[in-house]
Amino acid sequence: MISTDLHLLFSNIRKEFPALTQKAYGKDLVYLDSAATTLKPQSVIDRMTQFYSYETGNVHRGAHFIADKATQAFENARMRTAQFLGAESADEIIFVRGTTEGINLVAQTYGKMNLKAGDEILLTEMEHHANIVPWQMIAEQTGAKILAVGLLENGELDLNDFKLKLSSKTKIFAFTACSNVLGTNNDMKFLTALAHQAGAKVLIDGAQIVSQAPINVKDLDCDFFVFSAHKLFGPFGLGVVYGKKSILESLPPYQGGGSMISKVTFEKTTYNDIPYRFEAGTPHVAGAVGLHSAIDFVERLGFKNIHAFESELLSKATSSLLQIPGLKIFGTSATKGPMVSFNIQGAHHSDLSQIIDQEGVAVRAGHHCTQPLMAKLGVQGTVRASFSVYNNTDDIEHLVKAVEKAREMLL
Ligand code: PLP
């Protein structure tokens, strides 16, 4: 049972999300697609409106009042993000467009500089395309080889396979902290330590974990950690790459342009210090400011409360959905994150989701940008319901009724 205090805390939080005041097809909107993107609280929307209203000078180059304001807000956001991730310094925080761009940045800088034919990049079978394709691209450019750690029946990583595939040839181990399909939460610290013992560098895809659990990159000892603000109650188009200072300092730039330079002549350009070396052009300043506000929001709630609340929602959803005949859940790890991926025997996932949507319940259906995982599971796609701080047990009941209706209509 969710305690009364927690219930009250989260039912008040729900009121901070304007998106939930609208109807979908005449019914109250039930939003269960937070693994795709979280809704945005009023505090984040207000902060970005304030920024766009009064602070839109360009950063780092304007010598005037509002340019200074913007620069200060942008660099404060960097410091807040460093603190949120437990980084040693704000220099270790690079603002990019999202997780996807962050992984491309690491692949095209660290990967380009350090990989050669015969080297191996180790991934896992539960990765999002964002943590597969950038590595394949750099593997093609350098002659390195991609390997992927297999999974157990319950959707957890097969640690024997990990130990088998990890070797002195492994130069990079890149894995997701939490699967966006199975919900599996990987033991980041343990996996990082093993990969380091083999001499590999470690990149953690934090897209799904940042809204669920506190992160301390120093404690994890990972070399890179990436996430997207939009999955943490923040804006679209803003992502973060954390990189260890000593590694970032050794890397070449990712893109060329303004701000990333120290001196430009037609003969030769020298580059700026980190993190600016990796931030060519005008950055998404409002996005960074919005992320700052989103971090304040999530820390105000507290990860302990979030975990307790979301775990209850997950367990209620799991047990209720399993009552439905023919329904199969993919990913049954005991410590999984707040999402349920499922199919119903004899019904197509797209048809299911369309009917569920007509009931006002927003879920995701398809391959979830994890085609290799779908192939492994032997399905073309699944329906995924994912839960966040603004959901409640009524939402779960709506979901279950909508799935039951869809089943009746389709079978
Ligand atoms: N990695 C995981 C585990 C994800 O769930 C996602 C998005 O769903 C991504 C990476 C890509 O994130 P973005 O599209 O924000 O770059």
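Not measured: the values here are computed from a predicted model. (Residues numbered from 1 in each chain as written. Predicted model: local features only at pLDDT ≥ 70, side-chain atom pairs only at ≥ 80, totals over all residues. Heavy atoms only, no water.)

### Topic: the side chain of Ser 353
By the secondary structure assignment, Ser 353 is in helix α12 (residues 349-358). Not counting the four nearest positions on each side in its chain, Ser 353 is found in contact with Val 363 and Ala 365. (Helix = DSSP H or I, 4+ residues; strand = E, 2+ residues; numbered from the N terminus. Contact = heavy atoms within 4.5 Å.)

### A short note on the site of the ligand
Every one of the 13 residues lining the ligand counts as a neighbour, but Thr 100, Asp 205, Ser 228, His 230 and Lys 231 are closest to it. A distance of 3.4 Å is found between an oxygen atom of the ligand and a backbone nitrogen or oxygen belonging to Thr 99. In the environment of the ligand, an oxygen atom lies 3.5 Å from a nitrogen or oxygen atom belonging to the side chain of His 128. Bound to the protein, the ligand loses 85% of the 400 Å² it would expose on its own. Assessed atom by atom at 2 Å from the grid points, the ligand resides in the largest pocket. In terms of residue class, the shell around the ligand is made up of two nonpolar, nine polar and two charged. (Near = heavy atom within 4 Å. Polar contact = N/O pair within 3.5 Å; in protein donor to acceptor, adjacent residues only side chain to side chain. Areas by Shrake-Rupley, 256 points an atom, 1.4 Å probe, with all protein chains shown as cover. 1 Å grid on protein atoms, 1.4 Å probe; cavity = no way out; pocket = protein on both sides within 12 Å on 5 of 7 lines; lining within 4 Å. Sits in = over half its atoms within 2 Å of the grid points. Nonpolar A, V, L, I, M, F, W, Y, C, P; charged D, E, K, R; others polar.)

### Quick notes on the side chain of Lys 336
Topologically, Lys 336 is positioned in the loop between β13 (327-330) and β14 (339-344). In this structure, Lys 336 is buried with no salt-bridge partner, the nearest side chain bearing the opposite charge being Glu 156 at 10 Å. A polar contact is formed between the side chain of Lys 336 and the backbone oxygen of Gly 331, at a distance of 2.8 Å. Of the polar contacts made by the side chain of Lys 336, one reaches the backbone oxygen of Met 339; its length is 3.1 Å. In this structure, Lys 336 is in contact with Leu 182, Gly 183, Thr 184, Asn 185, Leu 314, Ile 329, Phe 330 and Gly 331, ignoring residues within four places of it in sequence. (Buried < 20%, exposed > 50% of the residue type's maximum accessible area, 1.4 Å probe, protein only. Lys, Arg positive; Asp, Glu negative; His and termini not counted. Salt bridge = Lys/Arg side-chain N within 4 Å of Asp/Glu carboxyl O.)

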